[in-house]
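Each chain, written out:
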Amino acid sequence: KLILLDSLLQEMDIMTRIILLLTLIDLKYSWADEFAAEKYGVKYASDCEVCKVVATEFQARLAESASTSGVIETGYSHTKEKKKTKYVVSELRLIETMDGICDRILGYNIHKERKDSTRFAKGQSETFSTLEGLVAKGVKVDIGIPHELWDKPSAEVTQLKTQCETMLERHEEDIEEWYFELQEKYSFEDYICRKKALKKGDTKCLAEKLQKLKKKKKSKGETGVKDEL
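Since we're looking at a predicted model, the values are computed, not measured.

Counting its secondary structure elements, the protein chain contains nine helices and four strands. In the protein chain, the order of α-helices and β-strands from amino to carboxyl end is α-α-α-β-β-α-α-β-β-α-α-α-α. Looking at the protein chain residue by residue over its 229 residues, the buried ones come to 27%. Summarising the internal contacts of the protein chain: among those between residues at least 6 apart in sequence, 58% fall at separations of at least 24.

So this is what it looks like as C-alpha cells:
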C-alpha cells in the first residue's frame, strides 16, 4: 500500500499532493476522534463549542481590564512628542487579553450529565460532586481513574485548549479588526463566531444556555434529612 501511494504521489503535481496529504490527515484525526468517542466516551468540542468558549473567555478578559484608566505612550523620537493612547483602546490591552486566553480553558470541566454545549463549564460536574460526596462518607469508589486525577483537565478540555490556540491563530486578523473597529457594532460572538469562524457552519450551540434546575417542593412530613443508604 505504501509503495502504491508513493508511486501515485510521484505522478501528481505539488498542489495535488498537498491536498491529498491534508485530506488523509483529516481522515486520520476523524477516525481517531470516532475511536475515542466509541471506546472511552470522549467527545471533543465542535467548532461551535470552541468558538463559544473562546468568546466567553475573551469577553471576560476584556471586562477585567475595562475600568483601567491608564494611558500608553509610544514613540522613541527626541524631536516628536510621544503618542498617547488610552489603555482600554490600546494594542497592548488586546495583546494582554489574548495572552493566556487558552490557558484559562484548563479551568473548565466536562459535565457529562449535560448533552449540549453547556457540558463545557467551570466548576465541578454533578457526577464528580456526587462521587466526592461518596468518598467523603468512606465509600470506596472505583471509576478507573485515580482519585488524585479527578480534578485534572479531561481529554476533551485538554483538546479544547489546543483547538482554542488554533482558532486564535487562524482568526488573528479578524479579532484585530473587531477590537479596533467593530466592538461598538458587534459582540465578539456575533462577529468572530457567526460572521467569520462559523459563517458556513452550525451556530446552534451559541444560543444554548444552562437551564436552572427547579427546586423540588418538600412533601408533608419531609424534614429534608435523608437516611444514608
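Let us look at helix α4 (residues 91–98). For an α-helix the count is 3.6 residues per turn, leaving residues at separations of three or four pointing the same way. Of the residues making up α4, those classed as buried are Arg93, Leu94, Thr97 and Met98. Seen from one end, α4 has its buried residues packed into an arc of 125°, which puts them on one side. Among the structural elements, α3 (47–64), α5 (101–104), α7 (155–170) and α8 (172–182) are those in contact with the buried residues of α4.

What follows deals with the nonpolar core. Counting residues in each nonpolar core, the largest one holds 33 residues, and the members touching the most others are Phe58, Leu168, Ile175, Trp178 and Phe188. Counting only elements with at least two residues in this core, the list comes to α3, α4, α5, β3 (108–110), α7, α8 and α9 (188–197). Tallying contributions element by element places α3 first for this core, with eight residues.

To continue, consider α7. In a regular helix each residue adds 1.5 Å, so 16 residues correspond to 22 Å; α7 covers 23 Å between its end C-alpha atoms and thus fits that length. Taken together, the buried positions of α7 are Glu156, Val157, Leu160, Lys161, Gln163, Cys164, Met167 and Leu168.

Attention now moves to the packing of α3 against α9. In a packed pair of helices, the relevant descriptors are the angle between the two axes and the axis-to-axis distance. Interaxial distance between α3 and α9 falls to 9 Å at its minimum, and their mutual angle equals 150°. Regarding the angle of α3 to α9, the classification is roughly antiparallel. For the pair α3 and α9, the crossing hand works out as right-handed. On α9, the residues that touch Cys51, Lys52, Val54, Ala55, Phe58 and Gln59 of α3 are Phe188, Glu189, Ile192, Cys193 and Ala197. Considered class by class, the residues forming the contact of α3 with α9 number eight nonpolar, one polar and two charged.

Rules and cut-offs
- Counting from 1, residues in each chain are numbered in the order their sequence is written.
- For a predicted model such as this one, the threshold for reporting local features is a pLDDT of at least 70, and the threshold for listing and counting side-chain atom pairs is 80 or more; totals across whole chains, interfaces and linings nevertheless cover every residue.
- Values reported for side chains reflect all heavy atoms of the structure, with hydrogen atoms and water molecules removed beforehand.
- To qualify as a helix, a DSSP run of H or I must reach at least 4 residues; to qualify as a strand, a run of E must reach at least 2; elements of each kind are numbered from the N terminus.
- Buried means the residue's accessible area, taken with a 1.4 Å probe over protein chains only, is under 20% of the maximum for its type, while exposed means over 50%, and partly exposed covers the values in between.
- What makes two residues a contact is simply this: any of their non-hydrogen atoms within 4.5 Å.
- Summarising the geometry, the arc corresponds to the directions from the helix axis toward the C-beta atoms.
- Residue types Ala, Val, Leu, Ile, Met, Phe, Trp, Tyr and Cys, when buried and joined through side-chain atoms within 4.5 Å, form a set referred to as a nonpolar core.
- One less than the number of residues in a helix, times 1.5 Å, gives the span that helix is expected to have.
- Where helices are involved, their axes are fitted lines through C-alpha atoms of the stretch in contact, as for all axes, and angles between N-to-C directions lie from 0 to 180°.
- Put simply, angles under 35 degrees are roughly parallel, angles over 145 are roughly antiparallel, angles from 65 to 115 are roughly perpendicular, and the rest are oblique.
- Helix crossings are classified by the rotation of the near helix relative to the far one: an anticlockwise turn of less than a right angle makes the crossing left-handed, while a clockwise turn makes it right-handed.
- Three categories are distinguished: nonpolar for Ala, Val, Leu, Ile, Met, Phe, Trp, Tyr, Cys and Pro, charged for Asp, Glu, Lys and Arg, and polar for the others, with Gly belonging to the last.

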